[in-house]
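Spelled out, the chains give:
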Amino acid sequence: MGAPVLTASDIEKVVEQYASGWSRRDIEAVAALFAPDAVVHDPVDGPGVEGREKIRAFFADFGAPVRAMSLVGPVHISGDCRHAAARLNTEAELGEGMTLVDSLDVFTFDDDGLIATMNAYYGPTNFHTA
């Protein structure tokens, strides 16, 4: 029996669940979208966080200021439905008032449709007063 075939709809659903989980502040639901051996770079030029349990702890700490996340535009999905990029707007309390962080998150997926890697692209030009 071959590996399950992922569809574009499957990938869109995972990315939507990722944003929705953050908006609900449900770190458990967000972490569950990642493979046990997944790797996250958030931001992309930061240190890698390896493994679902470490990712969960990282998100619980690093993501504490997050108040909402929304998908902006379509999810861009590769032909093999193993890679996707999505523009996400995150509202976070970063010091004085609410800040909007505009990021481009790039995902790869394993055979089970779990996130194998996630790299978040954002920097100084992507922080705006909300």
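Owing to the predicted nature of the structure, the values given are computational and were not obtained by experimental measurement. (Residues numbered from 1 in each chain as written. Predicted model: local features only at pLDDT ≥ 70, side-chain atom pairs only at ≥ 80, totals over all residues. Heavy atoms only, no water.)

Another aspect to go through is the packing of aromatic side chains. Tallying each qualifying case throughout the model produces nine aromatic pairs. With a centroid separation of 5.9 Å and 45 degrees between ring planes, the pair formed by Phe 58 and Phe 59 is classed as tilted. Chaining the aromatic ring pairs together yields one cluster made of Tyr 18, Trp 22, Phe 34, Phe 58, Phe 59, Phe 62, Phe 107 and Phe 109. (Phe/Tyr/Trp six-rings, centres within 6.5 Å; stacked < 30°, edge-to-face > 60°.)

Let us now look at the layout of surface pockets. Taken as a whole, the largest pocket spans an internal volume of roughly 300 Å³. What lines the largest pocket is a set of 18 residues, among which Asp 42, Phe 62, Val 66, Thr 90 and Tyr 122 lie closest to the centre. When residues of the lining of the largest pocket are traced back to their parent elements, those giving at least two are α1 (8-23), α3 (52-62), β3 (66-77), β4 (83-93) and β5 (98-109). It is β5 that contributes the most residues to the lining of the largest pocket, three residues altogether. Classifying every residue of the lining of the largest pocket gives 13 nonpolar, three polar and two charged. (1 Å grid on protein atoms, 1.4 Å probe; cavity = no way out; pocket = protein on both sides within 12 Å on 5 of 7 lines; lining within 4 Å. Points joined across faces, edges and corners; volume = space filled by probe spheres on them. Helix = DSSP H or I, 4+ residues; strand = E, 2+ residues; numbered from the N terminus. Nonpolar A, V, L, I, M, F, W, Y, C, P; charged D, E, K, R; others polar.)

Time to look at the pattern of salt bridges. Per the counting criterion, the structure on display carries six salt bridges. Arg 24 is the partner of Asp 26 in a salt bridge, and the nearest nitrogen-oxygen pair spans 3.6 Å. Across the pair Arg 82 and Asp 111 runs a salt bridge whose closest N-O atoms are separated by 2.7 Å. Linking Arg 82 in the loop between β3 and β4 with Asp 111 in the loop between β5 and β6 (115-121), this pair joins segments that are 29 residues apart in sequence. It is possible to trace a salt-bridge network through shared partners that takes in Glu 28, Glu 53 and Arg 56. (Salt bridge = Lys/Arg side-chain N within 4 Å of Asp/Glu carboxyl O.)

With an omega of 5 degrees, the peptide bond between Asp 42 and Pro 43 qualifies as cis. Following the sequence through the fold, Pro 43 ends up in the loop between β1 (34-41) and β2 (49-50). In this structure, Arg 25 takes a positive phi of about 60 degrees despite not being glycine. Following the sequence through the fold, Arg 25 ends up in the loop between α1 and α2 (27-32). For Arg 25, a relative accessible area of 47% gives the class partly exposed. One non-glycine residue, Cys 81, lies in the positive phi region at around 55 degrees. (Buried < 20%, exposed > 50% of the residue type's maximum accessible area, 1.4 Å probe, protein only.)

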